[in-house]
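# Structural overview
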Amino acid sequence: MEALVLEILGVFGVLRRWGDAVHEGAPVKGARRGVLELLLRDGSETVSGLARVRGVSRQQVQHQVDRLLELGFVERLPNPAHRRAPLIGLTNRGRALIKTVRSAELDALSQLPVGVSDEAVADAAKVLAALRTALERDLASRVAARL
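Described in the following lines is the structure provided in the data block.

About the thresholds
- Residues numbered from 1 in each chain as written.
- Predicted model: local features only at pLDDT ≥ 70, side-chain atom pairs only at ≥ 80, totals over all residues.
- Heavy atoms only, no water.
- Helix = DSSP H or I, 4+ residues; strand = E, 2+ residues; numbered from the N terminus.
- Buried < 20%, exposed > 50% of the residue type's maximum accessible area, 1.4 Å probe, protein only.
- Polar contact = N/O pair within 3.5 Å; in protein donor to acceptor, adjacent residues only side chain to side chain.
- Contact = heavy atoms within 4.5 Å.
- 1 Å grid on protein atoms, 1.4 Å probe; cavity = no way out; pocket = protein on both sides within 12 Å on 5 of 7 lines; lining within 4 Å.
- Points joined across faces, edges and corners; volume = space filled by probe spheres on them.
- Nonpolar A, V, L, I, M, F, W, Y, C, P; charged D, E, K, R; others polar.
- Salt bridge = Lys/Arg side-chain N within 4 Å of Asp/Glu carboxyl O.
- Patch = residues over 30% accessible without salt bridge, like charges linked within 9 Å, V, L, I, M, F, W, Y side chains within 5 Å.
- Areas by Shrake-Rupley, 256 points an atom, 1.4 Å probe, with all protein chains shown as cover.

## A look at the side chain of Asn-79
Structurally, Asn-79 can be placed in the loop between β1 (74-77) and β2 (87-90). For Asn-79, a relative accessible area of 14% gives the class buried. Within the structure, Asn-79 has its side chain in polar contact with the backbone oxygen of Ala-85 (distance 2.8 Å). Each residue touching Asn-79, except ones within four places of it in the same chain, is listed here: Thr-46, Ala-85, Pro-86 and Leu-87.

## Some remarks on the layout of surface pockets
Taken as a whole, the largest pocket spans an internal volume of roughly 2600 Å³. Lining the largest pocket are 45 residues, with Ile-8, Val-11, Phe-12, Leu-15 and Leu-128 sitting closest to its centre. Elements with a minimum of two residues in the lining of the largest pocket: α1 (2-22), α2 (30-42), α3 (47-54), α5 (92-110) and α6 (118-146). Class assignment of the residues belonging to the lining of the largest pocket gives a composition of 26 nonpolar, 7 polar and 12 charged.

## Regarding the pattern of salt bridges
Scanning the entire structure with this criterion turns up 8 salt bridges. A salt bridge links Glu-105 to Arg-33, with the nearest nitrogen and oxygen atoms 2.5 Å apart. Taken together, the residues Glu-105 in helix α5 and Arg-33 in helix α2 connect sequence positions 72 residues apart. For the residue pair Glu-105 and Arg-33, the accessibility class agrees, reading buried in each case. When the shortest N-O distance is used, the salt bridge between Arg-41 and Asp-42 registers 2.8 Å. Judged by relative accessible area, Arg-41 falls into the exposed class, the value being 55%. Here the residues in one salt-bridge network are Arg-33, Glu-37, Arg-102 and Glu-105, joined through shared partners.

## Topic: a nonpolar patch on the surface
There is a patch of nonpolar side chains on the surface, built from Leu-106, Leu-109, Leu-112, Val-114, Val-116 and Val-121 and spanning about 550 Å² of accessible area. In this fold, Val-121 is placed in helix α6. The partly exposed category is assigned to Val-121, whose relative accessible area is 46%.

## Remarks on the environment of Gly-94
Tracing the backbone through its elements, the reader meets Gly-94 in helix α5. Sequence separation between Gly-94 and Arg-33 is 61 residues, and the spatial gap between their C-alpha atoms is 9.9 Å. Here Gly-94 is in contact with Gly-72 and Phe-73, once residues within four sequence places are set aside.

Right, here's the structure in full:
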């Protein structure tokens, strides 16, 4: 398990730098791209909710959201559950951008000579999904134990 986790951490760092290189000249990279990705995947969310999912501070996400608002990629939406905490949602421009970014990444990844079979890639994805599920379950029980 230690070797797997160390490899995941290494891949994460390289993947982040690789993504920035693939999107050289794009209007968003890194953390801002991550916010757009979450909004596309999960729909509108508060800044606090985005921070929770990303595992970072609300202030860090607020900084990214403020810039995305300036660029016109996200918008504030009414939040029926909380008047003072608006939902943040993708604009049509933001949705088009993140879809273009995803498409460019998938195209670049499809041309990457990894040297393993499609079956090995599918097996690796299953292992990572199982690890993520186990970690989420363990995290929830640790948080609950503190309450």
